[in-house]
Amino acid sequence: MRFQAFILCGIISVMSSLIAGETSLYAVPNPPFSFRDKGAVKGLSIDLLEASLATIRPRFAQEEIELEALNKMYDEALRHPKSFLVTMVRLKEREQQFNWLGPIATVRLGLITKRTTDIPKGQTTMEILRPLKLATIKETSSEKLLFKEIGEKHGLNITRVSTPIQAYKMLEYGRIDALIYTDVPFVYYLVSEGQDVSQYRMAHVILNTDYYICVGKEVPKEQFNIMQAQLNRLKEPDGKGGSMYDRLVSNYLNGAVLKP
């Protein structure tokens, strides 16, 4: 009983500091992880963040959530070190700026094509990409990781577009041979549009990467530890044919996967 009372006091203390800090949630448009639907901001990352905070605070009210472009939200999160930011790749240059809750998902960065599109054979990523008409989405983690992998002076035929939808449509209408992006957001787009996921494929994987929720540096360590423990428990089998994590993911992807 003494131990339980200690834990309860710790949670109450953490909750008090959280409420006093006027915590905010900053989100980047990246369906299914965070997006706006009928005026409300929602998504898998927000579901997982709220589940990790379930014993600490109430669910986020919509007025506590701000959804804007990556650069703006990243800067806002840095200016408000008791806030949260969803969702980010854990890049080396970002490591010391936040604490990292997760991983919340593993995504594959690679060459997404129509299943009928032949891609060149090659020993290296550059040999495969060089003959193709490609698209990337400006300033995304996917683009940053690609350029880190192949270098800025790559000489490839790449069209940089402003939004994922632009890139998806270019691929759908055959204006490009391939989109270099991550699989989960692309699958969610196909599912939400009622398109057949099996008509597309991940033709070449450049790298696998993990997504995290950024936790501000002034969020108490005790709170972060509780959040991480609760997130870990979501991934444990619960006797219902999977885990709570699996069911949350299924709400957005319906079990669809982008196959090779």
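For the structure itself, look to the data block above.
Criteria and thresholds
Residues numbered from 1 in each chain as written. Predicted model: local features only at pLDDT ≥ 70, side-chain atom pairs only at ≥ 80, totals over all residues. Heavy atoms only, no water. Salt bridge = Lys/Arg side-chain N within 4 Å of Asp/Glu carboxyl O. Buried < 20%, exposed > 50% of the residue type's maximum accessible area, 1.4 Å probe, protein only. Axes fitted to C-alpha atoms, helices over the stretch in contact; angles between N-to-C directions. Helix = DSSP H or I, 4+ residues; strand = E, 2+ residues; numbered from the N terminus. Parallel < 35°, antiparallel > 145°, perpendicular 65-115°, else oblique. Contact = heavy atoms within 4.5 Å. Nonpolar A, V, L, I, M, F, W, Y, C, P; charged D, E, K, R; others polar.

Caption draft 1: Just the pattern of salt bridges, in detail. Applying the stated criterion across every chain, the model contains 12 salt bridges. In this structure, Lys42 engages Asp37 in a salt bridge whose closest nitrogen and oxygen atoms are separated by 3.2 Å. The class for Lys42 is partly exposed, based on a relative accessible area of 34%. What makes Asp37 partly exposed here is its relative accessible area of 30%. With a closest N to O distance of 3.0 Å, Arg57 and Glu64 form a salt bridge. Judged by relative accessible area, Glu64 falls into the partly exposed class, the value being 24%.

Caption draft 2: How the structure looks around the packing of helix H6 (residues 164-172) against helix H7 (residues 183-192). Where H6 contacts H7, the axes come no closer than 11 Å and their chain directions differ by 70 degrees. Between H6 and H7, the interaxial angle falls into the category roughly perpendicular. Residue-level contacts link Ile165, Tyr168, Lys169, Leu171 and Glu172 of H6 to Pro185, Phe186 and Tyr189 of H7. Class assignment of the residues belonging to the contact of H6 with H7 gives a composition of six nonpolar, no polar and two charged.

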